[in-house]
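Notes for the structure review
What follows is the residue order along each chain.
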Amino acid sequence: MSQEKLLDIVYADNKLVVVNKPSGLLSVPGRGPENQDCVVTRVQAMFPECRKFPTVHRLDMDTSGLLVLGLTARAVRELIDQFQKRQVKKKYIALLDGIIKEDEGIIEMAFRLDPYNRPYQVYDPIHGKLGVTHWRKLGIENGMTRVEFSPRTGRTHQLRVHSAHPLGLNCPIAGDRLYGTGTAPGQLKLHAGYLCFTHPKTKEVLEFEIPPLF
């Protein structure tokens, strides 16, 4: 496998793999032959025993950080079950494009996909699904606010919508192409830096932490 197709493997055994996904790389294959390079296809190339559908959860293309994949059908099932029961602990680090005065809080906001502007998500208190995010300010840097997000739910674009929307923090994540002023892939300052779950076979609690590059 060529050097640019390698992945940063944080942990691996015969049941699962944990990777540190770079910003700008898809988690799963997209539509068309030009969008097949992703975490899944790279893991399958590096681990021939990997099943066809190892996906347990996803990160947006422009989000970097920790991603776990199951190598066996049972591991995938059990890990997905942990995510659905909200037993997995996740924390993200982000740089927001502005100053947040408060120190911490909880955002509870419902939203859904805009079918006329995919994959954009819109606020909808009637038909949307509730997203819940705990956030904590870490500091101010060059007119931007560094925050830690601990999502209680796992909705699509949840942290990006909760950051940018006036009912959330009203301050988009720096480099966000959909909800902020980002202009190109790989600019988003959002990193999945902490992941904690139970090993599906050994039942050991696995905990991983990787600092962001920004």
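Residues numbered from 1 in each chain as written. Predicted model: local features only at pLDDT ≥ 70, side-chain atom pairs only at ≥ 80, totals over all residues. Heavy atoms only, no water.

The subject of this paragraph is the overall build of the chain. Summing up its helical and strand segments, the chain has three helices and 10 strands in all. Here the C-alpha atoms of the chain give a radius of gyration of 17 Å, agreeing with the 17 Å that 2.2 N^0.38 yields for 214 residues. Each principal axis of the C-alpha atoms in the chain carries an extent, and together these give about 50 × 35 × 35 Å. By sequence separation, contacts in the chain at least 24 residues apart represent 60% of the contacts at least 6 residues apart. Here the chain has roughly 11300 Å² of accessible surface; of this, 50% comes from carbon and sulfur atoms. (Helix = DSSP H or I, 4+ residues; strand = E, 2+ residues; numbered from the N terminus. Rg over C-alpha atoms; globule rule 2.2 N^0.38 Å. Contact = heavy atoms within 4.5 Å. Areas by Shrake-Rupley, 256 points an atom, 1.4 Å probe, with all protein chains shown as cover.)

Counting 35 residues, the largest nonpolar core has V19, V39, V43, L96, F149 and L190 as the members making the most contacts within it. For this core, the elements supplying multiple residues, two or more each, are β2 (16-21), α1 (39-46), β3 (64-70), β4 (89-96), β5 (104-113), β8 (144-151), α3 (158-164) and β9 (190-198). When residues no more than four places from it in sequence are discounted, the contact partners of V19 are L7, D8, I9, V10, V39, V43, G65, L66, L67 and L69. Of all hydrophobic cores here, the second largest spans 12 residues; its members include V56, L195, F197 and L206. (Core = buried A, V, L, I, M, F, W, Y, C linked by side-chain atoms within 4.5 Å. Buried < 20%, exposed > 50% of the residue type's maximum accessible area, 1.4 Å probe, protein only.)

Structurally, N170 is set in the loop between α3 and β9. Through-space distance from the C-alpha of N170 to that of D97 is 9.6 Å; in sequence the pair is 73 residues apart. Ignoring sequence-local partners within four residues, the contact set of N170 consists of S163, A164 and H165.

Residue P119 is bonded to the preceding R118 through a cis peptide linkage, with omega at 0°. Turning to its location among the elements, P119 is positioned in the loop between β5 and β6 (121-123). With a phi close to 60°, H157 is a non-glycine residue in the positive phi region. Take H157: its relative accessible area is 8%, and that puts it in the buried class. The phi dihedral of K203 is positive, around 65°, even though this residue is not glycine.

With respect to the helices, strands and loops of the structure, Q121 is situated in strand β6. Setting aside chain neighbours within four positions, we find Q121 in contact with F111, R112, L113, D114, T156, H157, V161 and Y179.

Let us look at the side chain of H199. Checked against the element boundaries, H199 lands in the loop between β9 and β10 (205-209). For H199, the side chain forms a polar contact with the main-chain nitrogen of K201, separated by 3.0 Å. At 3.2 Å, the side chain of H199 and the backbone nitrogen of T202 are in polar contact. The contacts of H199, once residues within four sequence positions are left out, are Y11, D13, K15, L16, E204 and L206. (Polar contact = N/O pair within 3.5 Å; in protein donor to acceptor, adjacent residues only side chain to side chain.)

Here we take up the packing of aromatic side chains. Applying the stated criterion across every chain yields a total of three aromatic pairs. Their ring planes at 50° and their centres at 5.7 Å tell us that Y11 and F208 sit as a pair that is tilted. Pair noted here: Y11 is in strand β1 (residues 8-12) and F208 is in strand β10, with a separation of 197 residues, a long-range link. Note on Y11: relative accessible area 25%, which makes it partly exposed. (Phe/Tyr/Trp six-rings, centres within 6.5 Å; stacked < 30°, edge-to-face > 60°.)

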